[in-house]
Amino acid sequence: QVQLVESGGGLVQPGGSLRLSCAASGTIFSFNVMGWYRQAPGKERELVATISSDDITNYADSVKGRFTISRDNAKNTVYLQMNNLKPEDTNIYLCYANIAGRNYWGKGTLVTVSS
């Protein structure tokens, strides 16, 4: 059984930075893709950023140039460095992993951008 646990969310002022982490535990041999999505109550889940097993990254247009996704394979952890945060980035951020063809989701961490 694979579990994804996010951390690093919180309250930050506009223009500030946060770093999210997602640690995967369980029987893991290899990842296909790991990444981050976000979802506001009553709205559809949207992609933020993903990173493949060969380190190919993909970003939503709204976060390009501000967010950076990275991974530490030895720690089974994926990170999301978020800079120049805007109020519209306020959301619940969900960690995602595709492992051996199965999709897994974390429970989410809340990011609030407000002055």
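Remember, predicted model here, so these are calculated numbers, not experimental data. (Residues numbered from 1 in each chain as written. Predicted model: local features only at pLDDT ≥ 70, side-chain atom pairs only at ≥ 80, totals over all residues. Heavy atoms only, no water.)

Peer 1: Please set out the overall build of the chain residue by residue, giving values where relevant.
Peer 2: Within the chain, the secondary structure is distributed over zero helices and 11 strands. Starting at the N terminus and ending at the C terminus, the chain contains elements arranged as β-β-β-β-β-β-β-β-β-β-β. Here the chain has a C-alpha radius of gyration of 13 Å; the compact-globule value for 115 residues is 13 Å, and the two agree. With the C-alpha coordinates of the chain rotated into their principal frame, the extents come out at 45 × 25 × 25 Å. Sequence separation of at least 24 residues holds for 52% of the intrachain contacts in the chain that already meet a minimum separation of 6. Only carbon and sulfur atoms are counted for the fraction: they give 46% of the accessible area of the chain, which is about 6,300 Å². Separation between the mean location of the 11 positive side-chain charges and that of the 9 negative ones in the chain comes to 4 Å. (Helix = DSSP H or I, 4+ residues; strand = E, 2+ residues; numbered from the N terminus. Rg over C-alpha atoms; globule rule 2.2 N^0.38 Å. Contact = heavy atoms within 4.5 Å. Areas by Shrake-Rupley, 256 points an atom, 1.4 Å probe, with all protein chains shown as cover. Lys, Arg positive; Asp, Glu negative; His and termini not counted. Charge placed at Lys NZ, Arg CZ, Asp CG, Glu CD.)

Peer 1: Quick rundown of the pairing of strand E3 (residues 18-25)? Include the residues and the values.
Peer 2: As paired elements, strand E1 (residues 3-7) and E3 share five bridges and run antiparallel to each other. Bridge pairing links leucine 4 to alanine 24 in E3. In this structure, E3 lies alongside strand E8 (residues 77-82), joined through six bridges in antiparallel fashion. In the sheet register, cysteine 22 faces E8, and the bridge partner there is valine 78. (Pairing = 2+ DSSP bridges.)

Peer 1: Mind laying out the state of the cysteines, listing which residues take part and the relevant values?
Peer 2: All chains considered together, the criterion is met by one disulfide. Between the sulfur atoms of cysteine 22 and its disulfide mate cysteine 95 the distance is 2.0 Å. The sign of the -85 degrees torsion about the S-S bond sets the cysteine 22-cysteine 95 disulfide as left-handed. Residue cysteine 22 is found in strand E3, and its partner cysteine 95 is found in strand E9 (residues 91-99); the two are separated by 73 residues along the sequence. Residue cysteine 95 is classed as buried on the basis of its relative accessible area, which comes to 0%. (Disulfide = S-S within 2.5 Å. Buried < 20%, exposed > 50% of the residue type's maximum accessible area, 1.4 Å probe, protein only.)

Peer 1: Give a detailed account of the packing of aromatic side chains, specifying residues and quantitative values.
Peer 2: Inspection of the entire model under this criterion finds three aromatic pairs. When the centroid spacing of 5.1 Å and the interplanar angle of 70 degrees are considered together, the rings of tyrosine 37 and tryptophan 105 count as edge-to-face. Placement of the pair is tyrosine 37 in strand E4 (residues 31-39) and tryptophan 105 in strand E10 (residues 102-105), with a sequence separation of 68 residues. Looking at tyrosine 37, the relative accessible area reads 18%, which means it is buried. Summarising the aromatic geometry, the rings of tyrosine 96 and tryptophan 105 are spaced 5.0 Å apart at their centres and angled 50 degrees between planes, so their arrangement reads as tilted. On the basis of relative accessibility, which here comes to 12%, the residue tyrosine 96 falls in the buried class. Directly above the aromatic system of tyrosine 79 lies the positively charged group of arginine 19, at a separation of 4.0 Å from the ring centroid. (Phe/Tyr/Trp six-rings, centres within 6.5 Å; stacked < 30°, edge-to-face > 60°. Lys NZ or Arg CZ within 6 Å of the ring centre and 35° of its normal.)

Peer 1: Go over the pattern of salt bridges, please, and point to the residues and values.
Peer 2: Pairs may arise between side chains of opposite charge once their charged atoms sit close together. Enumeration according to the criterion identifies four salt bridges in this entry. Residues arginine 38 and aspartate 89 are paired through a salt bridge, measuring 3.1 Å at the closest nitrogen-oxygen approach. Taken together, the residues arginine 38 in strand E4 and aspartate 89 in the loop between E8 and E9 connect sequence positions 51 residues apart. On the accessibility criterion, aspartate 89 (1% relative accessible area) is buried. For lysine 64, the salt bridge identified is with aspartate 61, shortest N-O distance 3.1 Å. Given a relative accessible area of 64%, aspartate 61 falls into the exposed group. Here the salt bridges do not stand alone but share partners, grouping Arg38, Glu46, Arg66 and Asp89 into one network. (Salt bridge = Lys/Arg side-chain N within 4 Å of Asp/Glu carboxyl O.)

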